[in-house]
Amino acid sequence: MEGGRAKEEEHDGVSVHSPCKAPPSSASSLPKEQHEVELELRLLEALEIYPPVKLRGVHRHFVLYGLMEFLQKSLDRHFSPDEVLQLLDRFYNLEVLKPDDEEIDTLNHEEDFCLPQSYFVKEEP
């Protein structure tokens with residue numbers, strides 16, 4: 001039985017427990033993990049340009065679009081706004097970034113615009 005076990009532990013001159021060879025069970029999950037790490041690294045790079053604090057306020061849609069574009073160019077695949085928000089949710093509490101009622105009222109406030117009368121009066125020399 002000793003001889004059979006030695007043969008089982010060594011295959012092609014490399015031990016089954018060798019660090020240079022991944023165990024068969026984790027071999028299929030390895031690329032996915034590497035993909036996730038690459039995705040998270042690119043997201044963190046994008047956050048240097050587009051900080052999450054800017055996702056609060058008037059420019060939040062532009063910042064989200066910038067994050068989407070950065071990830072699409074970096075990883076050469078399409079990202080939806082929801083996908084980017086899910087990625088951000090891994091690192092940040094996005095509930096804090098949602099607009100409050102006062103901000104919504106301010107953004108929805110409309111005023112009629114008119115030029116001042118002095119604009120229409122021509123000054124003659």
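Placed above this text is the structure.
Quick look at the structure, then. Note that the structure is a prediction, hence the values are computed from the model and not measured.

With that out of the way, let us pick up the overall build of the protein. Each helix and strand counted, the protein has 7 helices and 2 strands in total. In sequence order, the secondary structure elements of the protein are arranged as α-β-β-α-α-α-α-α-α. Per-residue burial for the protein yields a buried fraction of 18% across its 125 residues. Counting contacts in the protein only where the partners sit at least 6 residues apart, residues at least 24 apart contribute 51% of the total. Accessible surface computed for the protein: about 10,500 Å², of which carbon and sulfur atoms make up 55%.

Turning our attention to the environment of Leu39. Mapped onto the fold, Leu39 is located in helix H3 (residues 30-49). In this structure Leu39 comes out as buried when scored by relative accessible area, which is 5%. Sequence separation between Leu39 and Leu71 is 32 residues; the distance between their C-alpha atoms is 8.0 Å.

It is worth spelling out the nonpolar core at this point. Core analysis: the biggest nonpolar cluster contains 16 residues, and Leu67, Val84 and Leu88 have the highest contact counts within it. For this core, the secondary-structure elements that each account for two or more residues are H3, helix H4 (60-75) and helix H5 (81-89). By residue number, the principal contributor to this core is H4, which donates 5 residues. Ignoring anything within four residues of it in the chain, the contact list for Leu88 reads Leu43, Leu47, Leu55, Leu67 and Leu94.

Criteria and cut-off values
- Residues numbered from 1 in each chain as written.
- Predicted model: local features only at pLDDT ≥ 70, side-chain atom pairs only at ≥ 80, totals over all residues.
- Heavy atoms only, no water.
- Helix = DSSP H or I, 4+ residues; strand = E, 2+ residues; numbered from the N terminus.
- Buried < 20%, exposed > 50% of the residue type's maximum accessible area, 1.4 Å probe, protein only.
- Contact = heavy atoms within 4.5 Å.
- Areas by Shrake-Rupley, 256 points an atom, 1.4 Å probe, with all protein chains shown as cover.
- Core = buried A, V, L, I, M, F, W, Y, C linked by side-chain atoms within 4.5 Å.

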